[in-house]
Amino acid sequence: MARDTLRRCSVCGGHHWISEWPHNHVEAEPQRSSLPAPMVIADTIDAVRSMADGKEYTSKAALRATYKPSGNPDGISYVEVGNERPTGIVKPKVDEKAIQTSLQKALARYERGERVSQ
Ligand SMILES: [Zn+2]
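Not measured: the values here are computed from a predicted model. In this convention, every chain numbers its residues from 1, walking through the sequence in written order. Under the rules for a predicted model, residues below a pLDDT of 70 receive no local features and side-chain atom pairs below 80 are neither given nor counted, while totals for whole chains, interfaces and linings still include all residues. Side-chain calculation: all heavy atoms of the structure are included, whereas hydrogens and water are not.

What follows is about the overall build of the protein. Helix and strand assignments follow DSSP, with helices taken as H or I runs no shorter than four residues and strands as E runs no shorter than two, numbered in order from the N terminus. Looking only at helices and strands, the protein features 2 helices and 4 strands. Going residue by residue from the N terminus, the α and β elements of the protein occur as β-β-β-β-α-α. Taking 2.2 N^0.38 as the reference for a compact globule, 118 residues should give roughly 13 Å; the C-alpha atoms of the protein span a radius of gyration of 33 Å, well beyond that estimate. If you line up the protein on its principal axes, its C-alpha atoms span 100 × 55 × 20 Å. With a 1.4 Å probe rolled over the protein chains alone, any residue whose accessible area is under 20% of its type maximum counts as buried; one over 50% counts as exposed, and the rest are partly exposed. Here the protein holds 118 residues, and the buried ones make up 10% of them. We call two residues in contact when some of their heavy atoms are within 4.5 Å. Contacts in the protein between residues far apart in sequence, at least 24 positions, make up 1% of those at least 6 positions apart. Here the Shrake-Rupley method, with its probe set to 1.4 Å, supplies the accessible areas, and only the displayed protein chains count as covering residues. When the accessible surface of the protein is split by element, carbon and sulfur atoms take 55% of a total near 11200 Å². Working convention for charge: Lys and Arg count positive, Asp and Glu count negative, and His plus the chain ends are omitted. To locate a charge, the coordinates of NZ of Lys, CZ of Arg, CG of Asp or CD of Glu are taken. Separation between the mean location of the 17 positive side-chain charges and that of the 15 negative ones in the protein comes to 5 Å. As a reference, a globule follows 2.2 Å times the number of residues to the power 0.38, and the radius of gyration itself is taken over C-alpha atoms.

Pasting the structure below:
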């Protein structure tokens, strides 16, 4: 009989004998192809018109080059937007005076016996 080994379990952090390994503490195999290869992020994209020079590009690198001063006819530096994370929630400014005015008008209508609607 083969010698049993105590091994650290990455699922519970404890130790188990290999012969008595709990079936529910088996780590799931990462889903990988049988043909391992590095993930490749291609430079190719569907044709996109650069707002910097008006031309269409199918290369991310070429498109982004037009955002640099050296890459567009205006010589301006542009910033690509749309994929940034929001930095915070902008709360609308509370107009206390407008609220009071609106309440006073509603109260006046109510006191005159008019129906108050929104
Ligand atoms: Zn375990």
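Looking now at the coordination of the zinc ion. Only Cys9 (SG), Cys12 (SG), His16 (NE2) and His25 (ND1) from the protein coordinate the zinc ion, and they sit 1.9 to 2.4 Å from it. Seen from the zinc ion, its 4 donor atoms lie at angles of 102 to 120 degrees, and the figure they make is tetrahedral. Distances decide who is a donor: an N, O or S atom must be within 2.8 Å of the metal, or within 3.2 Å for Na, K and Ca. Water is not included, so sites may look incomplete. Binding-site remark: the zinc ion is held by donors from one chain whose sequence spacing is C-x2-C-x3-H-x8-H. Every angle between 85 and 135 degrees makes a four-donor site tetrahedral, while opposite donors more than 155 degrees apart, with all other angles between 65 and 115, make a four-donor site square planar and a six-donor site octahedral; other sites are irregular.

Looking down a regular strand, the side chains alternate between one sheet face and the other. In terms of strand pairing, strand S3 (residues 44–49) meets strand S4 (residues 56–59) through 3 bridges, oriented antiparallel. Following the sheet pairing, threonine 44 is matched in S4 by serine 59. Where S3 hands over to S4, the hairpin turn is made up of 6 residues, of which glycine 54 adopts a positive phi near 80 degrees. Strand pairing is assigned whenever DSSP detects at least two bridges linking the two strands.

This brings us to helix H2 (residues 96–111). With 16 residues, H2 should reach 22 Å at 1.5 Å per residue; the first-to-last C-alpha distance of 22 Å fits that figure. Phi for glycine 113, located one or two positions after H2, is positive at around 90 degrees. Take the number of residues in a helix, subtract one, and multiply by 1.5 Å to get its expected span.

When pLDDT is averaged along the protein, the result is 87, and 95% of the positions lie at 70 or above. Averaged pLDDT values over the elements of the protein bottom out at 90 in strand S1 (residues 6–8) and peak at 96 in S4. What pLDDT reports is the predictor's confidence in each residue, on a scale of 0 through 100.

A few words now on the pattern of salt bridges. Definition used for salt bridges: Asp or Glu carboxyl oxygen within 4 Å of a side-chain nitrogen of Lys or Arg. Applying the stated criterion to the full structure yields 3 salt bridges. Of the charged contacts in the structure, one is a salt bridge between glutamate 56 and arginine 49, with a shortest N-O distance of 3.3 Å. A salt bridge links glutamate 114 to arginine 112; the shortest N-O distance between them is 3.0 Å. Residue classification places glutamate 114 among the partly exposed residues on the basis of a relative accessible area of 36%.

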